[in-house]
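Residue-level structural notes
Chain by chain, the residues:
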Amino acid sequence: MKKNRIKKTIILLMMIPISGCNKTVKTEPTHTIIAGANLNIPSIPNLRDLGGYDTADGQKIKTDLLYRSNQLNPISTKDESKIDALHLKTVYDLRTAAERSEFPDQIPGNVKEVWLNVLADASTVGAATLGKTLQNPIEVNKALGNGKAVELFKQIYVDLIVLPSAKKAYHDFFLSLADEKNLPALFHCTAGKDRTGWAAASLLSLLGTPKDQIYSNYLDSNTYLVPAYKKEIESFVSAGGEKNIILDILGVKKEYLDAAFTAVQNNYGSIENYFEKGLNIDKATQEKIKKNLLPQ
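Residues numbered from 1 in each chain as written. Predicted model: local features only at pLDDT ≥ 70, side-chain atom pairs only at ≥ 80, totals over all residues. Heavy atoms only, no water.

Structural notes on helix α12 (residues 254–268)
What counts is decided by this rule: Every helix listed is a DSSP run of H or I at least four residues long, and every strand listed is a run of E at least two residues long, numbered separately from the N terminus. To estimate the expected span of a helix, count its residues, drop one, and scale the result by 1.5 Å. Relative accessibility decides the category of a residue: with a 1.4 Å probe and only protein chains considered, values under 20% of the type maximum give buried, values over 50% give exposed, and everything between is partly exposed. Note on definitions: a residue-residue contact is assigned when non-hydrogen atoms from the two residues lie within 4.5 Å.
Its 15 residues give α12 an end-to-end C-alpha distance of 21 Å, which sits within 8% of 21 Å, the value for a rise of 1.5 Å per residue. Within the span of α12, buried status applies to Tyr256, Leu257, Ala259, Ala260, Phe261, Ala263, Val264 and Tyr268. Residues of α12 that are buried sit in contact with α6 (148–162), α7 (164–177), α8 (195–206), α9 (211–228), α11 (243–250) and α13 (271–278). Of the residues one or two after α12, Gly269 is the one with positive phi, at around 90 degrees.

Quick look at the sheet that holds strand β1 (residues 48–49)
Here is the rule we go by: In this scheme, strands are said to pair when DSSP sees at least two bridges between them. Inter-axis angles, ranging from 0 to 180 degrees, are taken between N-to-C directions of lines fitted to C-alpha atoms, where helices are fitted over the stretch in contact.
The strand order across the open sheet built from five strands is β1-β2-β5-β3-β4, with neighbouring strands paired in mixed fashion. Only two strands of the sheet have a single neighbouring strand rather than two, namely β1 and β4 (112–115). The pairing of strand β3 (residues 90–93) with β4 spans four bridges and is classified as parallel. Note on β4: the bridge partner recorded for Asp93 is Trp115. Sheet strands in contact with α8 are β2 (66–69) and β5 (185–188), and its direction is about 145 degrees off that of β2.

Observations regarding the packing of α7 against α8
How we decide: Here the angle decides the label: under 35 degrees means roughly parallel, over 145 means roughly antiparallel, 65 to 115 means roughly perpendicular, and every other value means oblique. Whether a crossing is left-handed or right-handed is set by the direction in which the near helix is turned from the far one by less than a right angle, anticlockwise for left-handed and clockwise for right-handed. Basically, the charged four are Asp, Glu, Lys and Arg, the nonpolar ten are Ala, Val, Leu, Ile, Met, Phe, Trp, Tyr, Cys and Pro, and anything else, Gly included, counts as polar.
Running from N to C, α7 and α8 point in directions that differ by 50 degrees, and their axes come no closer than 12 Å. If you check the angle between α7 and α8, you find them oblique. Crossing handedness for the pair α7 and α8: right-handed. Between α7 and α8, the residues in contact are Tyr170, Phe173, Phe174 and Leu177 and Arg195, Trp198, Ala199, Ser202 and Leu203, respectively. Partitioning the contact of α7 with α8 into residue classes produces seven nonpolar, one polar and one charged.

Re the nonpolar core
Which entries qualify depends on this criterion: We call a set of buried Ala, Val, Leu, Ile, Met, Phe, Trp, Tyr and Cys residues a nonpolar core when their side-chain atoms join them within 4.5 Å.
Ranked by internal contacts, the top residues of the largest apolar core, which has 78 residues, are Tyr157, Tyr170, Phe174, Trp198, Leu203 and Tyr274. The contact partners of Tyr274, leaving out residues within four places of it in the chain, are Leu160, Ile161, Tyr170, Trp198, Ser202, Val264, Tyr268 and Leu279. Counting residues in hydrophobic clusters, the runner-up holds twelve residues, among them Leu72, Ile75, Ile83 and Leu186.

Details of the confidence of the model for the protein chain
The condition is simple: A residue's pLDDT is simply how confident the predictor is in it, with values from 0 to 100.
With 88% of its residues at a pLDDT of 70 or more, the protein chain shows a mean pLDDT of 90. Low confidence marks residues 22–31, where pLDDT is under 50. Its contacts with residues over four positions away, or in another chain, come to 16 contacts. Contacts of residues 125–130 to residues separated by more than four positions or lying in other chains number eleven contacts, the stretch itself having pLDDT below 50.

Quick word on the packing of aromatic side chains
Using the following cut-off: Aromatic contacts are taken between Phe, Tyr and Trp rings whose centres are within 6.5 Å, Trp giving its six-membered ring; a plane angle under 30 degrees counts as stacked, one over 60 as edge-to-face, and the others as tilted.
On inspection of all chains with the given rule, the structure shows 13 aromatic pairs. When the ring of Tyr157 is compared with that of Tyr256, the centres are 5.7 Å apart and the planes differ by 35 degrees; the resulting orientation is tilted. Within this pair, whereas Tyr157 is found in helix α6, its partner Tyr256 is found in helix α12, the two being separated by 99 residues in sequence. A relative accessible area of 0% means that Tyr157 is categorised as buried. Relative accessible area serves as the criterion here: at 0%, Tyr256 is assigned to the buried category. The structure contains a cluster of three or more aromatic residues connected by ring pairs, namely Tyr92, Tyr170, Phe173, Phe174, Phe187, Trp198, Tyr215, Phe261, Tyr268, Tyr274 and Phe275.

Structural notes on α7
With 14 residues, α7 ought to run about 20 Å at 1.5 Å a step, and its terminal C-alpha atoms sit 20 Å apart, in line with that. Taken as a whole, α7 has its buried residues at Ser165, Ala166, Ala169, Tyr170, His171, Phe173, Phe174, Ser176 and Leu177.

What about the packing of helix α10 (residues 230–238) against α11?
Where α10 contacts α11, the two axes come as close as 9 Å, and the packing angle between them is 150 degrees. Considering their axes alone, α10 and α11 lie roughly antiparallel with respect to each other. When the axes of α10 and α11 are compared, the crossing they make is right-handed. For the pair α10 and α11, contact is made by Glu232, Ile233, Phe236 and Val237 and by Lys243, Ile246, Leu247 and Leu250, respectively. Its residues assigned to classes, the contact of α10 with α11 shows six nonpolar, no polar and two charged.

Things to note about the side chain of Thr55
By secondary structure assignment, the location of Thr55 is in the loop between β1 and β2. Thr55 has contacts with Ile61, Leu207, Gly208, Thr209, Pro210 and Leu294, leaving out every residue within four places of it along the chain.

Spelled out as structure tokens, the structure:
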């Protein structure tokens, strides 16, 4: 019972909206192709192009077609025009109903929104209680100290592979990417690091991106999220919370993604088998996804 309660706390903390998004973390030149380039939209600090990466067979993933992001709310009026300029056809929301209700996506009216609740089968409680959870950092210290936060996040990443709701959500997401009419597209959760992080990592893996580049893309969330969460981190620490715990929760770690890839290997043997047997995305459909995102 205690472990389940701690796990609920972890999942709630995964859903913390970003409030400190008033400045760009780092600047990327726009005249050259940069793999996984951040779009430098202040309201959405973890919005990045998933393209630009070289694959093992010498191809380069197309840019300006697929984006990964944190939640699309709140977005300033100025930044809304930047979203318009992406000419998105589809936005995939990987959040829970509670997250969506509290922070509905702000997207152009002509964009199709697809809700894919990855954590529908997880043992969670309403995100509305999150504020009370954060107001008790001493209790969080007790529950998640001594590496417990890391271990529980690793288990959550295993859940992203094995939960029925996760399988269905990722099936629907990747199946949709096989239809070029749905592109350009954007996918996101709340912080754009865990549910979104696995969607990006597994897709990059399927496309043949070298492992070091997959991990680089994944870990880049720390570059953009930690500064954006500065207010939450400082508040938690000033109230007696341990900084390493809140960073383990609000950021990402190599060990988390390791846990997901290990679960894929243990359950399916390869990323292709994960797509085919775990997500029911057959090889022909996998090839359609590759055709849409790789130059021919």
